[in-house]
Amino acid sequence: MFKIIERKQLSENVVKNVIHAPDIAVRRKAGQFVILMINEKGERIPLTIVDTDSKAGTLTIIYQVVGKTTTALADLKEGDYILNVLGPLGHATEISNFGTAVCVGGGVGVGVIYPIAKALREAGCNVVSIIGARTKALLILEEETRRVSHKLTVCTDDGTYGFHGFVSAVLQQMIDAGEKIDRVYAIGPVPMMRVLANLTRPHKIKTIVSLNPIMVDGTGMCGACRVSVAGKTRFTCVDGPEFDGHEVDFGLLMTRLQMYTEQEKQALEKCRGERNG
Amino acid sequence: MDKEEKKEKKEKIPRQKMPEQVAKVRVRNFDEVPQGYSAETAMLEAKRCIMCKKPGCVAGCPVDIDIPAFVKLIAEGDFMGAARQLKQTNSLPAVCGRVCPQEDQCEKVCILGKKGDPVAIGRLERFAADFERQSGHISIPDKAPSTGKRIAVVGAGPAGLTIAGDLVKMGHAVTIFEALHKSGGVLIYGIPEFRLPKAIVDAEVNFLEKLGVKIVTNFPVGRLKTVDDLFADGFRAVFLGVGAGAPVFMNIPGENFSGIYSANEYLTRSNLMKAYAFPEYDTPIALGKNVCVIGGGNVAMDSVRTALRLGAENAYIVYRRTEKAASRWNSGSPMSPAEEGLFP
Ligand code: FES
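Predicted model, so just to flag it, every value in this text is computed and none were measured.

1. Concerning the overall build of chain B
The helix and strand inventory of chain B stands at 15 helices and 6 strands. Here the C-alpha radius of gyration of chain B, 21 Å, is about what a compact globule of 344 residues would show, namely 20 Å. With respect to the three principal axes, the spread of C-alpha positions in chain B is 70 × 60 × 35 Å. For chain B, the proportion of its 344 residues judged to be buried stands at 50%. Once local pairs closer than 6 in sequence are excluded, the contacts in chain B between residues at least 24 apart make up 69%. Counting only carbon and sulfur atoms, one obtains 55% of the accessible surface of chain B, whose full area is about 16300 Å². Taken as two groups, the 46 positive and 40 negative side-chain charges of chain B have centres that lie 3 Å from each other.

Encoded structure:
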């Protein structure tokens, strides 16, 4: 049993939880994730660890409320318990002084890009961050990201805040202006990562993406999380979650993510029905 | 009665069948197929054993169960005694009685099998274990005095559970580290409910805990702690029972499309996560009208039967060897896949 120490609504549909998990907190490195299962009947879902506090023995997760599990998770209050938390899983992000690293985060992906930006900054990189959301109300971690970045650009799709347009447009401008970019980290919705990878490919700028396929065990035992990278089948939970964005088959990832759309709807409706009594 | 006569009489009792759910009904539910011997049938079956002086069956048993001894106790009606006898060398008799391939082990070398059918050792083992569990009086075998030594076991699957049981009986302090949220390994995620009810696995795990084995779930060794860390923590030995590992895909075009599963994923969703009870349980599973399983071993049989129970109209097995080789594992048993409409 893992206790929820803190719960915070970051935006209309994004929630942050701080969870007591001392063993994981001590071991975790940036880029790793946990699999959690709320209760006996729950599903196992992967979530990236945004932050850890090894002294307090806690880890932080940030998630968008989209389906049954995230809805139920968001309903839990401070002091409630999560039945199972497994981690830290996956490889840690490769962190080194790469020169100029551009960290691009979209939507809830900002929660994942933030710890990477922080680690890169500590390693001596020149960190340029670009974060975005559909609209201002959905933007998260702006201040935190600003603190660890040498430069930050904020975008909204609808122009309600910051740069009016997609994060990719900002990166495009940087490339067009001939700015020196040694590495790009792109984390967010699959279409966003695909666009960014396509953008950097002709310029041969190494682009790392973090994938979030459906998982079950998270230990390499089932293959639910398989993706195609450079034409080879890889298991995201043990080979990833980060891969070279230029080699990922995003189309396949997208279809596999949509595999249970119907059932997910059904589960969510049932969950909403139960909540409303 | 002279010796000859006695032997003749024994051979006349035919191998006793276990009652089972009829095929038509069982292919649409997840309840256990065979339902176990009654006390009378068990005693009748046990009486078939001729109590060989040099029993081949014991040599055929990987955990050295004194088979004639426990069979004799059943024949005499001392079912609790039989269970105690089993548990001296096997901590998981209710599981082994169900899923061990007896036809390839103890029963294969049973002398009665030379002329007719071997003694149904597996069914008797299952009977005794079930009898004890249902009685509610679970015996705890004697343990050697504490050695003061700690041993770590990685993985709470059949290997880890078995060795943990043996080590704890030898007086060691045993801790099992399991990555999943539940103990049992393949017994819990792989083998379906209709072949091995999960309540039985839970009961055997419980028994080990009563014996003194400590089990820590959600603990991925290698991630949370390395083997070196475990030694540094004071464990004197580490047993790695980490399982068969990653599923192997065949490298055929389209194998990563949605709706294509490794058996591990398909069975884990259904068994561990109880996707067959979706939406009561949250984990979904693809429901196909036409399901094709590639392979012909036990795992393929478990998968194809799961598909039938999930409502597939047509379930196919595609296998590179012959029909006989494919069904070999379960032939002649009440679990024979042929009876569920496979291999028409
Ligand atoms: S989630 Fe099962 S192998 Fe990755």
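2. A few points about the sheet that holds strand E10 (residues 151–156) of chain A
Strand pairing in a sheet relies on backbone hydrogen bonds. The paired strands run either parallel or antiparallel. All names here are of chain A. Reading across from one edge, E11-E10-E9-E8-E12-E13-E16 is the order of the 7 strands in this open sheet, with mixed pairing throughout. For this open sheet the edge positions go to strand E11 (163–164) and strand E16 (242–244), each flanked by a neighbour on one side alone. Across the sheet, helix H6 (residues 190–200) is in contact with strand E8 (100–106), strand E12 (183–187) and strand E13 (207–210); its angle to E12 comes to roughly 165°.

3. So, the domain arrangement of chain A
Residue and element names in this part refer to chain A. In terms of domain boundaries, chain A breaks down into domain 1 (2–89) and domain 2 (100–257). On a C-alpha basis, the centres of domain 1 and domain 2 stand 21 Å from each other. Contact residues are listed per partner, giving 21 residues for domain 1 and 21 residues for domain 2. Both faces considered, domain 1 and domain 2 share a buried interface measuring about 1600 Å² in area, 66% of it formed by carbon and sulfur atoms. When the buried area of domain 1 at its contact with domain 2 is split by residue, Phe-33, Arg-44 and Val-50 rank highest and sum to 25% of it. Linking domain 1 with domain 2 are 1 salt bridge. Across the pair Asp-51 and Lys-118 runs a salt bridge, and its minimum N-O distance is 3.5 Å. For the pair domain 1 and domain 2, the number of links is 2 residue pairs in polar contact (both at pLDDT 80 or more). The set of elements that each furnish at least two residues to the side of domain 1 that touches domain 2 consists of strand E1 (2–11), strand E3 (33–37), strand E4 (45–53), strand E5 (58–64) and strand E7 (84–89). No other element matches E4, which puts 5 residues into the side of domain 1 that touches domain 2. Residue composition of the side of domain 1 that touches domain 2, by class: 12 nonpolar, 5 polar and 4 charged.

4. Some thoughts on the pairing of strand E1 (residues 150–154) of chain B
All names here are of chain B. Among the 5 residues of E1, 4 are classified as buried, and the element is accordingly described as predominantly covered. Bridge analysis of E1 against strand E2 (residues 173–177) gives 5 bridges, and the strand direction is parallel. Across the sheet, Val-154 pairs through a bridge with Phe-177, a residue of E2. This β-α-β element, E1 to helix H9 (residues 158–169) to E2, shows right-handed connectivity. Sheet analysis places E1 next to strand E4 (residues 237–240), joined by 4 bridges and oriented parallel. Of the residues in E4, the one forming a bridge with Val-154 is Leu-240.

Rules used throughout
- Residues numbered from 1 in each chain as written.
- Chains lettered and ligands numbered in written order.
- Predicted model: local features only at pLDDT ≥ 70, side-chain atom pairs only at ≥ 80, totals over all residues.
- Heavy atoms only, no water.
- Helix = DSSP H or I, 4+ residues; strand = E, 2+ residues; numbered from the N terminus.
- Rg over C-alpha atoms; globule rule 2.2 N^0.38 Å.
- Buried < 20%, exposed > 50% of the residue type's maximum accessible area, 1.4 Å probe, protein only.
- Contact = heavy atoms within 4.5 Å.
- Areas by Shrake-Rupley, 256 points an atom, 1.4 Å probe, with all protein chains shown as cover.
- Lys, Arg positive; Asp, Glu negative; His and termini not counted.
- Charge placed at Lys NZ, Arg CZ, Asp CG, Glu CD.
- Pairing = 2+ DSSP bridges.
- Axes fitted to C-alpha atoms, helices over the stretch in contact; angles between N-to-C directions.
- Domains from an automatic or database assignment.
- Buried area = accessible area lost by both parts, 1.4 Å probe.
- Salt bridge = Lys/Arg side-chain N within 4 Å of Asp/Glu carboxyl O.
- Polar contact = N/O pair within 3.5 Å; in protein donor to acceptor, adjacent residues only side chain to side chain.
- Nonpolar A, V, L, I, M, F, W, Y, C, P; charged D, E, K, R; others polar.
- Right-handed = clockwise from strand over helix to strand, strands pointing away.

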